[in-house]
Amino acid sequence: MSGMSAELREFVLTDAEFERLRTLVHHSTGIALSDAKRELVYGRLAKRLRALGLETFADYCDLVEEGHPEEIEALTNAITTNLTSFFREDHHFRQLAEQVLPEVRQKRAAGRRLRIWSAGCSTGEEPYSIAMTLREAFTGLESWNARILATDIDSAVLAKGARGEYSADAIGKMAAARRERWFERTEGGAFRASSDLKSLISFKQLNLLHDWPMRGPFDVIFCRNVVIYFDKPTQRKLFDRMADLQEPGAWLFIGHSENLFNVSQRYRLVGRTAYRRV
Ligand SMILES: C[S@@+](CC[C@H](N)C(=O)[O-])C[C@H]1O[C@@H](n2cnc3c(N)ncnc32)[C@H](O)[C@@H]1O
């Protein structure tokens, strides 16, 4: 056992229990936990054991394997990595403003319908960044039927996204003018997204491994820093299903350390982690 020695630990996480947890997590989320995640799993789930008054990880595994939906949700929320930020990988937002939106405006001029999906949206910084880009770069947006679908498996991060309140730290390096334009100060000193942003976004819980209720077509999909935790077969199925919801030429943005090499031939690389549906 690495890190803290066994006698200082409140619980013991045996190899067999770690394997059981790995299988449970993979089955319910698609996330493939490597050996390197053992400490993280211990740290995040020890809290759960304490809260439930359980003495061993084996008891915890039994509980989850019995299929209690609320515990599967708690396990999922504990295991997901939700790191995100406003305008993360900002080249995607520049490309959205400068190339994608002008194209979509032309292509969809007749029906004036625009659909963007933020798949694995975490606490909302990504869909709010998309919303700001739309409001700033797409003149006449009011006369369009424009929606951003923001989905995540983790109910806790979605609730935060829907609330749309962020600390000064989370607002981070966003230009002051942008912050003033799109956020209002709360009494507690946080920043609340304006109704102009919120009205564009629908936050919905969705496990990417399950059936999807949407029919598309999506002009743009952001699926960034999500599949990095999935194995290749899961990634293949996922991008195939995404391609089914897009028309030729539609856009897909993925995370900075991800690529579709040997994963999907239905998208063509056209820029830095930017793809178009073939
Ligand atoms: C690191 S965050 C990425 C957030 C944002 N896309 C970004 O790039 O900043 C990954 C998100 O994927 C979500 N996720 C993991 N497995 C998922 C699944 N099976 N279905 C839906 N979302 C999932 C996690 O809950 C987490 O919020």
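Residues numbered from 1 in each chain as written. Predicted model: local features only at pLDDT ≥ 70, side-chain atom pairs only at ≥ 80, totals over all residues. Heavy atoms only, no water.

It is worth spelling out the domain arrangement of the protein chain at this point. Per the domain assignment, the segments of the protein chain are domain 1 (6–79) and domain 2 (91–277). For domain 1 versus domain 2, the distance between C-alpha centres works out to 31 Å. Listed by partner, the interface residues are eleven residues for domain 1 and eleven residues for domain 2. With both sides pooled, the region where domain 1 packs onto domain 2 buries about 800 Å², and carbon together with sulfur makes up 47% of that total. Three residues stand out in domain 1 for area buried against domain 2, namely Thr29, Gly30 and Asn77, and they jointly supply 41% of the buried area on that side. Here domain 1 and domain 2 share five residue pairs in polar contact (both at pLDDT 80 or more) between them. Looking at the side of domain 1 that touches domain 2, the elements with two or more residues in it are α1 (15–29) and α4 (69–79). Ranked by residues supplied to the side of domain 1 that touches domain 2, first place goes to α1 with four residues. Residues of the side of domain 1 that touches domain 2, tallied by class, amount to two nonpolar, seven polar and two charged. (Domains from an automatic or database assignment. Contact = heavy atoms within 4.5 Å. Buried area = accessible area lost by both parts, 1.4 Å probe. Polar contact = N/O pair within 3.5 Å; in protein donor to acceptor, adjacent residues only side chain to side chain. Helix = DSSP H or I, 4+ residues; strand = E, 2+ residues; numbered from the N terminus. Nonpolar A, V, L, I, M, F, W, Y, C, P; charged D, E, K, R; others polar.)

With that settled, consider the environment of Val25. Following the sequence through the fold, Val25 ends up in helix α1. Here the alpha-carbon distance between Val25 and Ile79, two residues 54 residues apart in the chain, equals 7.9 Å. Apart from residues no more than four positions distant in its own chain, Val25 is found in contact with Gly30, Ile31, Leu33, Leu75 and Ile79.

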